[in-house]
Amino acid sequence: MSPKPLRVLTPRSILPALAVMLVLAAGAAAHANKPVPFGDRVAGPGDAEATPVNSQSLSAADLDLKVGPGLEAFHRQSGEQAWSYRREGATALYLSMAGENAIVVWDDGLITSVRPGDHEVRWHRAVPGLADWLRGDGEPGADKRTEEQRKELAQERAAAALHTVPRGASAWVAVVTPNLTMGLRDADGDLRYNSKPPGNCVYDPLRTVGTEYAVLVPRSCTNSAGLAVSGGISGYRLDSSGWQLNTGPAASIKALDGSRVLITDGPIVPARVFDTKAAAPEAACGSPTVPFAAVRPQGGCTDPAADAPAADNPVPDAPAGDQGLSAQPQAQQPQQ
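Residues numbered from 1 in each chain as written. Predicted model: local features only at pLDDT ≥ 70, side-chain atom pairs only at ≥ 80, totals over all residues. Heavy atoms only, no water.

## Things to note about the nonpolar core
So the rule is basically this: Nonpolar cores were defined as sets of buried Ala, Val, Leu, Ile, Met, Phe, Trp, Tyr and Cys residues, with membership established by side-chain atoms within 4.5 Å. Only protein chains enter the area calculation, which uses a 1.4 Å probe; residues under 20% of their type maximum are buried, those over 50% are exposed, and those in between are partly exposed. Per the convention used, a helix needs a DSSP run of H or I reaching at least four residues, while a strand needs a run of E reaching at least two, with both numbered from the N terminus. Here a residue-residue contact requires only that any non-hydrogen atoms of the pair lie within 4.5 Å.
Among the nonpolar cores identified, the biggest contains 21 residues, and I103, V105, I111, L130, L134 and V175 are the most heavily contacted of them. Those elements that place two or more of their residues in this core are β5 (92-98), β6 (101-106), α2 (130-135), α3 (147-161), β10 (172-177) and β11 (180-185). The element contributing the most residues to this core is α3, with four residues. Excluding residues within four positions of it along the chain, L134 makes contact with L93, V105, W106, D107, L153, A154, R157 and A158. Of all hydrophobic cores here, the second largest spans 15 residues; its members include L71, A90, L95 and V104.

Pasting the structure below:
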C-alpha cells in the first residue's frame, strides 16, 4: 500500500472535470439540434413528417407541383396536399422537370433535384454568383424597387437561369448567369462543365434558349470604350462537344421545334436555322451547299419556276401546310 494519503477532492480540483463535462454536454446538445444539411425539411399534410412513398405507386404524372415558399406537391385527382419540401431560410423561385425529377432554383443560389414519387431530395448544387444576380443588388435603380418588384425580378431571372435538357445521353441541367454557365448531370448532380465568358463579355441568361438536345447561350461583348461589339452564341451538350457561333451584339434565338432554332442577327444578315441535334446549320433553300449540307432544309425547297402561275390563269393561294421553306424558314411542329 502506498504510504501517500488519499487525495481529497477540493473545489479547485473539481473545476477542470466540470468544465470537461460541460463541454461534452454542450457538444451533445449541439449535435442533437444540428439542422438537416442545407436546411431540408420534407413534410406531409399538417406539417407532419412525410411518410415514405412507394415510387412504383406514385409518379410525377400523379402530382401537381408548385413553387413558393418551397416545393409543394398535390394529388392531381383529389387536389389534396401530398407533401411539401422546404429549406430553412430559403425560398423556391422556379421549377423545371428533367424527366421524372423536379429541378428547383432557390433564392440563396442553390439548385436541388427532387424525385416526386417518393419525395426524395436527390442532390444539391450551389452556383457561384447566382444568388447575387437573382437579387439584382447594386444594379441601377435597385434601391427603388418595391418588395413585389424584387420578388418578380428574382422569379423572372430564376426561370431564365435554369434549363433542363431531356434528351441525349441522359437528362441534364444547365444553369446560366452573366458570369458563369454550368452543366449538371441529373442522375447525380455531377458537374460536367463550367464556362466563363471571355474578357469584356457576359452571358445573357434572358436570351438563352434550350432545346431537347442542347442549350444555346448568347454573350454580349464591349470594347475598351464600353461600346457593344460582335458577340456570339455558345452551344452546350453533354453527349458531345459544344460549339461557338459568331453573331452581332444583339442576335436573338427562337426555338422552332425540339431540335432546331432560328437565329436572327439584324436586318442585314439573313436569318439562319441551326439544328442542335446534328450540331450543324441547316442549309438555306437556294444555297449551292444544299446537296452537301449536313442538315438539309426541312420540308424541301420549292422550285419558283415550277410554281409560278400563268399571268392569264391565276391559281388560288396554296394552304399554309403545303408551302415549302423559302428564304424565311417556317416553324415545324415538334417531332414525336
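## Concerning the state of the cysteines
Where we set the bar: In plain terms, two cysteine sulfur atoms within 2.5 Å form what is called a disulfide here.
A full pass over the atoms with the stated rule returns one disulfide. A sulfur-sulfur separation of 2.0 Å characterises the disulfide bridge that pairs C201 with C221. Note on the C201 and C221 pair: the S-S dihedral is about 110 degrees, so by sign convention the disulfide is right-handed. Pair noted here: C201 is in strand β13 (residues 201-203) and C221 is in strand β15 (residues 215-222), with a separation of 20 residues, a long-range link. Look at C201 and you get buried, because its relative accessible area is 12%.

## Regarding the pattern of salt bridges
Where charged atoms of side chains with opposite charge meet at close range, the side chains can pair. To keep things clear, this is the line we draw: Any carboxyl oxygen of Asp or Glu that lies within 4 Å of a side-chain nitrogen of Lys or Arg is treated as forming a salt bridge with it.
All told, the structure shown has 19 salt bridges when counted by the stated rule. For R115, the salt bridge goes to D118, with nearest N and O atoms at 3.1 Å. Residue classification places R115 among the partly exposed residues on the basis of a relative accessible area of 29%. Given a relative accessible area of 16%, D118 falls into the buried group.

## Remarks on the sheet that holds strand β21 (residues 280-282)
Which entries qualify depends on this criterion: Two strands qualify as a pair provided DSSP detects at least 2 bridges between them. Orientation is described by lines fitted to C-alpha atoms, with helices fitted over the stretch in contact, and by angles between N-to-C directions that extend from 0 to 180 degrees.
If you walk across this open sheet you meet the four strands as β18-β19-β20-β21, and the pairing is antiparallel. Strand pairing shows two members of the sheet lacking a second neighbour, β18 (252-255) and β21, which therefore form its edges. With strand direction ignored, the average angle separating the axes of adjacent strands in the sheet is 35 degrees. Of the strand pairs in this sheet, strand β20 (residues 272-275) and β21 are connected by three bridges, and their pairing is antiparallel. Residue pairing in the sheet places F274 in a bridge with P281 of β21.

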